[in-house]
Amino acid sequence: MSGLVVAVDGGGSKTDAVALGLDGRLVAHRRGPGSSPHFEGLGESVAVVARLVREVAGGRPVAQANLYLSGLDLPIEIERYRAAIAGQEWVGPSTVVDNDLFALLRAGTDASDAVAIVCGTGVNAIGVRADGADARFPALGGISGDWGGGSGLGEQALWHAARDVDARGPRTALTAAITEALDVASVPTLIEDLHFGRRDSSELTGLAPVVFEAARSGDAVAADLVDRQAEEIVAFARACLVRLDLLHRPLPIVLGGGIIRSGDARLLDGIASRLAEIAPAARIEIFGSAPIVGAALLALAAAGAAPDALDRARAAVAEATHVGALASSVG
């Protein structure tokens, strides 16, 4: 094969792109803004991805391109994305377009029966079985039953703070913590700023650390939010295992995303204890690396790379993205 192998992993907050030789040698890495069609829109997503691909390719031919993006949850969304990139010079018959969960899954494990759950800006999951069956979710927000990630935690933190201020709800340390974190005079001022568009609701996504810190300090409202997030993650895992009839099988459940990588003890312990009750044979693997590692491995495999090339690529891409390998495993 002549030409480069290019892989892209795009989420709600950032996008990684790498170019590699078929031998697994890393040629280039670029990081750009988020490219989730769900948050950025189809046109902006394609613009971000196309720019990064051109940058890592550097004018050299691309023999294989694999794109894994948050927000491509329905078949029609994948079809529309394929149509939107059809005119790009690096797109060919073998180009792969799919959900970013496949990148996380491959980065964390090569097991044929497995589950991957991402908790970053939002939450989503996928389960796969050795016979090719999979379990997916629409991941369209509240209308499809989703909650959590930075966006969910931030919105709920402000919801509780608003009810604290006007006496509809319990007192919470989140009220003062939010005003400090967002450098705003008061919660009512923040609400007005959001309502009139003077501030963007995406700022609330950054409040997750505030929630974790308040919970560690003993705030009951914040602790309930952290526990709810743990329950939501386990609900995804349970759904995948039940739908694929894998509930009692020993298999990895790979967890990734910024909220998971924060390492909050209450959240991770809550996930582990709840999962142990429903699937004691499963093991949690917390993936501390960027999912672009998995995207690169999938792209190289699609191009026919040898096993030693995959090993070389894993190490090179992990180093280039300034992250480590599998962070920990919880039995």
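The residue count restarts for each chain, going from 1 along the sequence in the order it is written. In keeping with the predicted nature of the model, local features appear solely for residues at pLDDT of at least 70, side-chain atom pairs appear and are counted solely at 80 or more, and the whole-chain, interface and lining totals rest on all residues. Note that water and hydrogens are dropped before the side-chain values are worked out from all heavy atoms of the structure.

### A few points about the overall build of the protein chain
Which entries qualify depends on this criterion: Numbered from the N terminus, helices here are DSSP runs of H or I no shorter than four residues, and strands are runs of E no shorter than two. Two things to know: the radius of gyration comes from C-alpha atoms, and the globule rule equals 2.2 Å times the number of residues to the power 0.38. The contact definition used throughout considers only heavy atoms, calling two residues in contact when any of these lie within 4.5 Å.
Summing up its helical and strand segments, the protein chain has 13 helices and eleven strands in all. Relative to the globule expectation of 20 Å for 331 residues, the C-alpha radius of gyration of the protein chain, 20 Å, shows essentially globular dimensions. Along the first, second and third principal axes, the C-alpha atoms of the protein chain reach 65 × 50 × 35 Å. Considering only intrachain contacts with a sequence separation of at least 6, the fraction spanning at least 24 residues in the protein chain is 68%.

### Some thoughts on the confidence of the model for the protein chain
Defined as follows: For every residue, the pLDDT score states the predictor's confidence, bounded by 0 at the bottom and 100 at the top.
Scored by pLDDT, the protein chain has a mean of 94; 97% of the residues are at 70 or more. Confidence drops under pLDDT 50 across residues 323-331; counting only partners more than four residues distant or on other chains, this segment forms 24 contacts.

### Looking at the packing of helix α5 (residues 149-165) against helix α9 (residues 220-243)
For clarity, the cut-off: Angles shown run from 0 to 180 degrees and are taken between the N-to-C directions of axes, each axis being a line fitted to C-alpha atoms and, for helices, limited to the stretch in contact. Geometric relationships in this document are graded by angle, where less than 35 degrees denotes roughly parallel, more than 145 denotes roughly antiparallel, 65 to 115 denotes roughly perpendicular, and other angles denote oblique. By convention the crossing between two helices is left-handed if the near helix lies anticlockwise of the far one by an angle smaller than a right angle, and right-handed if it lies clockwise. For this scheme, ten residues count as nonpolar: Ala, Val, Leu, Ile, Met, Phe, Trp, Tyr, Cys and Pro. Four count as charged, namely Asp, Glu, Lys and Arg, and the remainder, Gly too, count as polar.
For the pair α5 and α9, interaxial distance at closest approach is 11 Å and the crossing angle is 150°. The pairing of α5 with α9 is recorded here as roughly antiparallel in orientation. In this structure, α5 meets α9 at a crossing whose hand is right-handed. Touching Gly149, Leu153, Gln156, Ala157 and His160 of α5 are Val221, Leu225, Arg228 and Gln229, all from α9. For the contact of α5 with α9, the class distribution of residues is four nonpolar, four polar and one charged.

### Focus on empty space enclosed by the protein
Here is the rule we go by: Site definitions follow a grid-based scheme: protein atoms alone, a 1 Å grid, a 1.4 Å probe that fits but cannot get out for cavities, and for pockets an open set with protein on both sides within 12 Å along at least five of seven lines, plus lining residues having an atom within 4 Å of a point. Grid points are joined across faces, edges and corners, and a volume is the space filled by probe spheres set on the points.
Considering all chains together, one arrives at two cavities of 30 Å³ or more under this definition. Here the largest cavity defines a volume of roughly 40 Å³. Forming the boundary of the largest cavity are Leu72, Asp73, Asn99, Leu101, Asn124, Ala125, Ile126, Arg136 and Phe137. Among the elements that make up the lining of the largest cavity, the one with the highest residue count is strand β7 (residues 123-128) (three residues). Across the lining of the largest cavity, the residue classes break down as five nonpolar, two polar and two charged. Residue lining of the second largest cavity: Ile117, Ile233, Val234, Ala237, Ile253, Leu255, Ile271 and Leu275, and that is the complete set. Among the elements of the structure, α9, β9 (252-256) and α11 (265-278) are those that each provide at least two residues to the lining of the second largest cavity. It is α9 that provides the largest number of residues to the lining of the second largest cavity, a total of three residues. Classifying every residue of the lining of the second largest cavity by side-chain character gives eight nonpolar, no polar and no charged.

### Looking at the pairing of strand β3 (residues 26-33)
Cut-off, in case you're wondering: Here, any two strands with at least 2 DSSP bridges between them count as paired.
In this structure, strand β2 (residues 14-20) lies alongside β3, joined through seven bridges in antiparallel fashion. In the strand pairing of β3, Asp16 is matched with Arg31. Adjacent in sequence and paired antiparallel, β2 and β3 are bridged by five residues, among which Gly24 carries a positive phi angle near 90°.

### Observations regarding the layout of surface pockets
A volume near 1200 Å³ is recorded for the largest pocket. Lining the largest pocket are 49 residues, with Phe39, Gly120, Thr121, Gly122 and Val123 positioned closest to its centre. Among the elements of the structure, β1 (4-10), α1 (37-40), α4 (101-108), β7, α5, α8 (208-216) and α10 (258-261) are those that each provide at least two residues to the lining of the largest pocket. Ranked by the residues each element gives to the lining of the largest pocket, the list is headed by α5, at five residues. Looking at the lining of the largest pocket residue by residue, the class counts come to 13 nonpolar, 27 polar and nine charged. Of the volumes computed, that of the second largest pocket is approximately 190 Å³. Lining the second largest pocket we find 13 residues, and of these Phe102, Leu105, Ala111, Ser112 and Val128 sit closest to its centre. At three residues, the largest contribution of residues to the lining of the second largest pocket is made by α4.

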